[in-house]
Amino acid sequence: MKSGGEADQMLTKKQRELLLFINDRIKETGVSPSFDEMKQALDLASKSGIHRLITALEERGFLRRLAHRARALEVLKLPESAVPQGTGRTPFRPSVIAGEGGRKGAAAVRSSMIPVMGRIAAGTAIEAIEHETHKVAAPDDDFDPDTHFALEVSGESMINAGILDGDTVILKKTEHAASGDIVVALINEETATLKRFRKKGGSIALEAANPAFGTQIFGPDRVRIQGKLVALVRKYH
């Protein structure tokens, strides 16, 4: 068995850059980045280079592709040099959490329960969030039910961000978002949708993560942020 230092040496510079980029994006948004985002982050000319890097990281045991999940990735471990000194190798907590219908274990049993406030469209906008339908177990104790809420996803416009039809997204309540955040946006105080938020000059763009869906552009007075994506729950049957 190779030691942590030897495992670090197994990675090329680009493999290490990609692994850390994927890990940081999952920690920030709760989902893995798209292949386009990975290509841009590593300044590669094509997606084929990303495929090769991901395959190499899988072979070395650092990364795993979730079967039958569109571009959903799970970081299994980080290079030893990326773990903060003095803390040892801390276990990685995956962003995709098994729900009540899936695997049993510590990830499915939590002290906090997050209210699920209905369904959200990852496609054509649907009715605005109205009332609690049930609760879902929080991924960890940092998720306060007073400051977080959950929504069931309907549609496929965010599949390249690893968000699938039937998933449950957990969001932090906020009216502010940085460009690139995945948010729940209320449009014209009437309909809500799950999209990536971008600032385009004096306008707001709500971007899909699926080439089959277009980007929607609105004036800032027509869009109100209700929450920012921080985690995702998926049920395995």
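Residues numbered from 1 in each chain as written. Predicted model: local features only at pLDDT ≥ 70, side-chain atom pairs only at ≥ 80, totals over all residues. Heavy atoms only, no water.

### Examining the overall build of the protein chain
Moving on, step 1. Each helix and strand in the protein chain was counted, giving four helices and 13 strands.
Moving on, step 2. In the protein chain, which comprises 237 residues, the share counted as buried stands at 46%.
Moving on, step 3. As presented, the protein chain carries roughly 12,100 Å² of accessible surface, and 49% of it is formed by carbon and sulfur atoms. (Helix = DSSP H or I, 4+ residues; strand = E, 2+ residues; numbered from the N terminus. Buried < 20%, exposed > 50% of the residue type's maximum accessible area, 1.4 Å probe, protein only. Areas by Shrake-Rupley, 256 points an atom, 1.4 Å probe, with all protein chains shown as cover.)

### Some details on the pattern of salt bridges
Moving on, step 1. All told, the structure shown has eight salt bridges when counted by the stated rule.
Moving on, step 2. Taking the shortest distance from any N to any O, the salt bridge between E37 and R25 comes out at 3.3 Å. Residue E37 is found in helix α3 (residues 35-42), and its partner R25 is found in helix α2 (residues 13-29); the two are separated by 12 residues along the sequence. Across the pair, exposure class does not vary: E37 and R25 are buried alike.
Moving on, step 3. A salt bridge links R198 to E207; its shortest N-O distance comes to 3.1 Å.
Moving on, step 4. R198 sits in the partly exposed class, given a relative accessible area of 25%.
Moving on, step 5. Among the ionic contacts, a cluster of salt bridges with common partners joins R25, E37 and R196. (Salt bridge = Lys/Arg side-chain N within 4 Å of Asp/Glu carboxyl O.)

### Quick word on the confidence of the model for the protein chain
Moving on, step 1. The share of residues in the protein chain with pLDDT of 70 or more is 76%, and the mean pLDDT across the chain is 76.
Moving on, step 2. Within the protein chain, strand β3 (residues 96-98) has the poorest average pLDDT of any element, 43, and strand β11 (residues 203-207) the best, 93.
Moving on, step 3. Residue range residues 1-9 is modelled with pLDDT below 50. Its contacts to residues more than four positions away, or to other chains, number nine contacts.
Moving on, step 4. Ignoring residues within four places in sequence, the model shows residues 82-111, a span with pLDDT below 50, making 49 contacts including any to other chains. (pLDDT = per-residue confidence, 0-100. Contact = heavy atoms within 4.5 Å.)

### Things to note about the pairing of β11
Moving on, step 1. Extensive coverage of β11 is indicated by the burial of four of its five residues.
Moving on, step 2. Bridge analysis of strand β10 (residues 191-200) against β11 gives five bridges, and the strand direction is antiparallel. Its bridge partner lying in β11, R196 is registered against E207.
Moving on, step 3. Taking the residues between adjacent antiparallel strands as the criterion, β10 and β11 are bridged by two residues, where G201 takes a positive phi near 65°. (Pairing = 2+ DSSP bridges.)

### Here's the deal with the nonpolar core
Moving on, step 1. Ranked by internal contacts, the top residues of the largest apolar core, which has 19 residues, are I120, I163, V169, L171, I182 and L194.
Moving on, step 2. Counting residues per element, the ones that place at least two in this core are β7 (148-154), β8 (168-173), β9 (182-187), β10 and β13 (223-234).
Moving on, step 3. The next biggest cluster of nonpolar side chains, apart from the first, holds 18 residues, and it includes M38, I50, L57 and L73. (Core = buried A, V, L, I, M, F, W, Y, C linked by side-chain atoms within 4.5 Å.)

### A word on the environment of T12
Moving on, step 1. If you trace the backbone, T12 turns up in the loop between α1 (4-10) and α2.
Moving on, step 2. Considering only alpha carbons, one finds T12 and A56, 44 residues apart in sequence, at a separation of 9.7 Å.

### A word on the packing of α2 against α3
Moving on, step 1. In the contact formed by α2 and α3, the axes pass within 10 Å of each other and the chain directions differ by 130°. Put simply, α2 runs oblique to α3. Crossing angle aside, the handedness with which α2 passes α3 is right-handed. Residue-level contacts link K14, E17, L18, F21, I22 and R25 of α2 to E37, M38, A41 and L42 of α3.
Moving on, step 2. Residue classes in the contact of α2 with α3 are distributed as six nonpolar, no polar and four charged. (Axes fitted to C-alpha atoms, helices over the stretch in contact; angles between N-to-C directions. Parallel < 35°, antiparallel > 145°, perpendicular 65-115°, else oblique. Left-handed = near helix turned anticlockwise from the far one by under 90°. Nonpolar A, V, L, I, M, F, W, Y, C, P; charged D, E, K, R; others polar.)

### Re the packing of aromatic side chains
Moving on, step 1. Going through the model one piece at a time under the given rule, you end up with zero aromatic pairs.
Moving on, step 2. Its end group placed over the ring of F62, K77 keeps NZ or CZ at 4.7 Å from the ring centre. (Phe/Tyr/Trp six-rings, centres within 6.5 Å; stacked < 30°, edge-to-face > 60°. Lys NZ or Arg CZ within 6 Å of the ring centre and 35° of its normal.)

### Section: unusual backbone geometry
Moving on, step 1. With phi around 55°, D43 is a residue other than glycine that occupies positive phi space.
Moving on, step 2. Structurally, D43 is set in the loop between α3 and α4 (47-59).

### Side note on α4
Moving on, step 1. Here α4 spans 19 Å end to end across 13 residues, near enough to the 18 Å set by a 1.5 Å rise per residue.
Moving on, step 2. Listed as buried for α4 are G49, I50, L53, I54, A56 and L57. The arc that holds every buried residue of α4, seen down its axis, measures 160°, which confines them to one face. Every exposed residue of α4 that faces more than 90 degrees away from the buried side is listed here: R52 and E59.
Moving on, step 3. Where α4 is buried, its residues contact α2, α3, β1 (63-65) and β2 (73-75).
Moving on, step 4. Two residues or fewer after α4 comes G61, characterised by a positive phi angle close to 80°. (Expected span 1.5 Å × (residues − 1). Arc of directions from axis to C-beta.)

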